[in-house]
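Geometric and topological summary
Residue strings, one per chain:
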Amino acid sequence: MTAESIKKELSARGIEYRDLVAELGVTRGAISLIINGKSVSDRVQRAIAAHLGMKPEQVFPEYYQRKQFSKPNEREKARGNP
């Protein structure tokens, strides 16, 4: 999802940044950075996805695709180099 679509979906569900700040104990700036893809937090990304009724991989696919191949062996296998 794009940052704008995440924001729209949160808003449509009546969830504001201040709700996430209070629930997660992080700053509004941290929430913004994570939604905009400038920072990562597995815990925050999972919480946002849960509020949207989606899997984290659906909301933040770029992060979870990178995370899947974080081990050198897996990256090499994906490239076809066993």
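Shown above is the structure to which this text applies.
Parameters at a glance
- Residues numbered from 1 in each chain as written.
- Predicted model: local features only at pLDDT ≥ 70, side-chain atom pairs only at ≥ 80, totals over all residues.
- Heavy atoms only, no water.
- Core = buried A, V, L, I, M, F, W, Y, C linked by side-chain atoms within 4.5 Å.
- Buried < 20%, exposed > 50% of the residue type's maximum accessible area, 1.4 Å probe, protein only.
- Helix = DSSP H or I, 4+ residues; strand = E, 2+ residues; numbered from the N terminus.
- Contact = heavy atoms within 4.5 Å.
- Arc of directions from axis to C-beta.
- Salt bridge = Lys/Arg side-chain N within 4 Å of Asp/Glu carboxyl O.

Digging into the nonpolar core
By size, the foremost hydrophobic cluster in this structure holds 20 residues, and its most contacted members are Ile6, Leu10, Ile31, Ile35, Ile48 and Phe60. Put simply, the parts of the chain that give this core at least two residues each are α1 (3-12), α2 (17-24), α3 (28-35), α4 (42-52) and α6 (61-68). If sequence neighbours within four positions are ignored, Ile31 has contacts with Tyr17, Leu20, Val21, Leu24, Val26 and Val44.

Quick notes on the environment of Ala47
Mapped onto the elements, Ala47 comes out in helix α4. Judged by relative accessible area, Ala47 falls into the buried class, the value being 11%. Sequence separation between Ala47 and Glu23 is 24 residues, and the spatial gap between their C-alpha atoms is 9.2 Å. Beyond its immediate sequence surroundings of up to four residues, Ala47 is in contact with Glu23 and Leu24.

Overview of α2
Listed as buried for α2 are Tyr17, Leu20 and Leu24. Take α2 and look down its axis: the buried residues cluster within an arc of 65°, on one side only. Exposed side of α2, more than 90 degrees from the buried face: Arg18 and Ala22 are the residues found there. The elements touched by buried residues of α2 are α1, α3 and α4. The positive-phi residue at the C-terminal boundary of α2 is Gly25, with phi of around 70°.

Section: the pattern of salt bridges
When their charged atoms lie close together, side chains carrying opposite charge are able to pair. As enumerated under the stated definition, the model contains four salt bridges in all. Between Glu9 and Arg13 there is a salt bridge; the shortest N-O distance is 3.7 Å. Owing to a relative accessible area of 33%, Glu9 belongs among the partly exposed residues under this scheme. Judged by its relative accessible area of 43%, Arg13 falls in the partly exposed class.

Digging into the side chain of Gln45
In this fold, Gln45 is placed in helix α4. If sequence neighbours within four positions are ignored, Gln45 has contacts with Ile34, Val40, Phe60, Tyr63 and Tyr64.

Function-wise, these values are silent; they only describe arrangement.
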